[in-house]
Amino acid sequence: MSPESTGQNEHYLRVFWRGFRTWRGNRPFWAGLFTMVGGLPIAYFPYANMHLGNITLAMSTTAGAGSLIIGILLITLGLTMWFHHIVRVFAGVAAILLALISIPVANIGGFLIGFLFSLLGGALSISWAPGTLAAEQPAKHTAGRSPQGPEAPEGSVPDGTEQQHDAGPAYSPGPAPWSDDSTNGKVEANGGRNSAG
């Protein structure tokens, strides 16, 4: 074995980080994180008590149960964005609606902290789209030109043979609206004139 070969000597933290980056790239990670972070202050503040020396300030209001439900739903939607990203648009719309509902219900949306994080997470979830790797994209000639010369029709290879596509049936337009029945939809390249015989 030469000292240049790497083999399986990678540190386990690098392997874990690479796996985490791959997992994170396949789902709306930041949308789920912001939504969950937004749900925490919405659920926490109505039940929080602040201690100033010997004085206890109770921040609990009549919106305690509603705030708890909204906060738990936002955290659940954030986890849904992570582990079931097929429904990311629904989860994003629901997160935005819950963030808006939290303004009158949950202490001005968790003192605007939870509202802003949930709103941002919902918007990111709606706008996220799965990416494609460069290796998965088909190689195309630039501007439809073949390496041998002028513009080649789509689906042809440089030797002139046609490739088969699985796109479905070929498109065949009907007769042109300006043609008459004598040409059956075919116009000859004779200076734009049709021949009568």
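Placed above this text is the structure.
Residues numbered from 1 in each chain as written. Predicted model: local features only at pLDDT ≥ 70, side-chain atom pairs only at ≥ 80, totals over all residues. Heavy atoms only, no water.

### A closer look at helix α3 (residues 64–83)
Helical geometry note: an α-helix holds 3.6 residues per turn, so side chains three or four residues apart project in the same direction. Compared with an ideal rise of 1.5 Å per residue, which puts 20 residues at 28 Å, α3 spans 29 Å between its outermost C-alpha atoms and is within 8% of the ideal. Buried residues of α3: Gly64, Ser67, Ile70, Gly71, Leu74, Leu77, Gly78, Met81 and Trp82, and no others. Buried positions in α3, seen along its axis, are confined to an arc of 160° and lie on one side of it. Opposite the packed face of α3, turned more than 90 degrees from it, sit the exposed residues Ala65, Ile69 and Phe83. For α3, the elements touching its buried residues are α1 (12–25), α2 (29–44), α4 (88–105) and α6 (113–127). (Helix = DSSP H or I, 4+ residues; strand = E, 2+ residues; numbered from the N terminus. Expected span 1.5 Å × (residues − 1). Buried < 20%, exposed > 50% of the residue type's maximum accessible area, 1.4 Å probe, protein only. Arc of directions from axis to C-beta. Contact = heavy atoms within 4.5 Å.)

### Observations regarding the environment of Ser102
Summarising the element assignment, Ser102 is placed in helix α4. In this structure the C-alpha to C-alpha distance between Ser102 and Ser118, which are 16 residues apart in sequence, comes to 9.8 Å. Excluding its chain neighbours within four sequence positions, the residues that come into contact with Ser102 are Ile42, Ile70, Asn107, Ile108, Gly109 and Phe115.

### A look at the packing of α3 against α4
Two packed helices can be described by the angle between their axes and the distance between those axes. For the pair α3 and α4, interaxial distance at closest approach is 10 Å and the crossing angle is 160°. The pairing of α3 with α4 is recorded here as roughly antiparallel in orientation. The way α3 lies across α4 gives a crossing that is left-handed. Between α3 and α4, the contacting residues are Gly66, Ser67, Ile70, Leu73, Leu74, Leu77 and Met81 on the first element and Ala91, Gly92, Ala94, Ala95, Leu98, Ile101, Ser102 and Val105 on the second. Residues of the contact of α3 with α4, tallied by class, amount to eleven nonpolar, four polar and no charged. (Axes fitted to C-alpha atoms, helices over the stretch in contact; angles between N-to-C directions. Parallel < 35°, antiparallel > 145°, perpendicular 65-115°, else oblique. Left-handed = near helix turned anticlockwise from the far one by under 90°. Nonpolar A, V, L, I, M, F, W, Y, C, P; charged D, E, K, R; others polar.)

### Remarks on the side chain of Ser125
Mapped onto the fold, Ser125 is located in helix α6. With near-sequence residues (within four places) excluded, Ser125 lies in contact with Ala31, Met81, Arg88 and Gly92.

### Here's the deal with the nonpolar core
In this structure, Ala31, Ile42, Ile70, Leu74, Leu77, Met81, Ala91, Ala94, Ala95, Leu98 and Ala106 together form the largest nonpolar core, which totals eleven residues. Listing elements by their share of this core, those giving two or more residues are α2, α3 and α4. (Core = buried A, V, L, I, M, F, W, Y, C linked by side-chain atoms within 4.5 Å.)

### Thoughts on the packing of α4 against α6
Where α4 meets α6, the closest approach of the two axes is 7 Å, and the angle between their N-to-C directions is 160°. In terms of axis orientation, α4 runs roughly antiparallel to α6. Crossing angle aside, the handedness with which α4 passes α6 is left-handed. In contact with Arg88, Val89, Gly92, Val93, Ala95, Ile96, Ala99, Leu100, Ser102 and Ile103 of α4, α6 contributes Phe115, Ser118, Leu119, Gly122, Ala123, Ser125 and Ile126. Its residues placed into classes, the contact of α4 with α6 shows eleven nonpolar, five polar and one charged.

### Considerations on the environment of Ile70
Counting through the fold element by element, Ile70 comes out in helix α3. Ile70 sits 39 residues away from Gly109 along the chain, and the two C-alpha atoms are 9.8 Å apart. Once residues within four sequence positions are removed from consideration, Ile70 is found in contact with Ile42, Leu98, Ile101, Ser102 and Val105.

### A few points about a nonpolar patch on the surface
Where nonpolar side chains cluster on the molecular surface, the patch consists of Val89, Val93, Leu97, Leu100, Ile103, Ile108, Leu112, Leu116 and Ile126 and spans about 740 Å² of accessible area. When residues of the nonpolar patch are assigned to their parent elements, the largest contribution, five residues, is made by α4. Structurally, Leu112 can be placed in the loop between α5 (107–111) and α6. Accessibility expressed as a relative area gives 41% for Leu112, which makes it partly exposed. (Patch = residues over 30% accessible without salt bridge, like charges linked within 9 Å, V, L, I, M, F, W, Y side chains within 5 Å. Areas by Shrake-Rupley, 256 points an atom, 1.4 Å probe, with all protein chains shown as cover. Salt bridge = Lys/Arg side-chain N within 4 Å of Asp/Glu carboxyl O.)

### Side note on the packing of aromatic side chains
With the rule as written, the count across this model stands at 13 aromatic pairs. By the ring-pair criterion, three or more aromatic residues cluster together here, those being Trp17, Phe20, Trp23, Phe29, Trp30, Phe34, Trp82, Phe83 and Phe117. (Phe/Tyr/Trp six-rings, centres within 6.5 Å; stacked < 30°, edge-to-face > 60°.)

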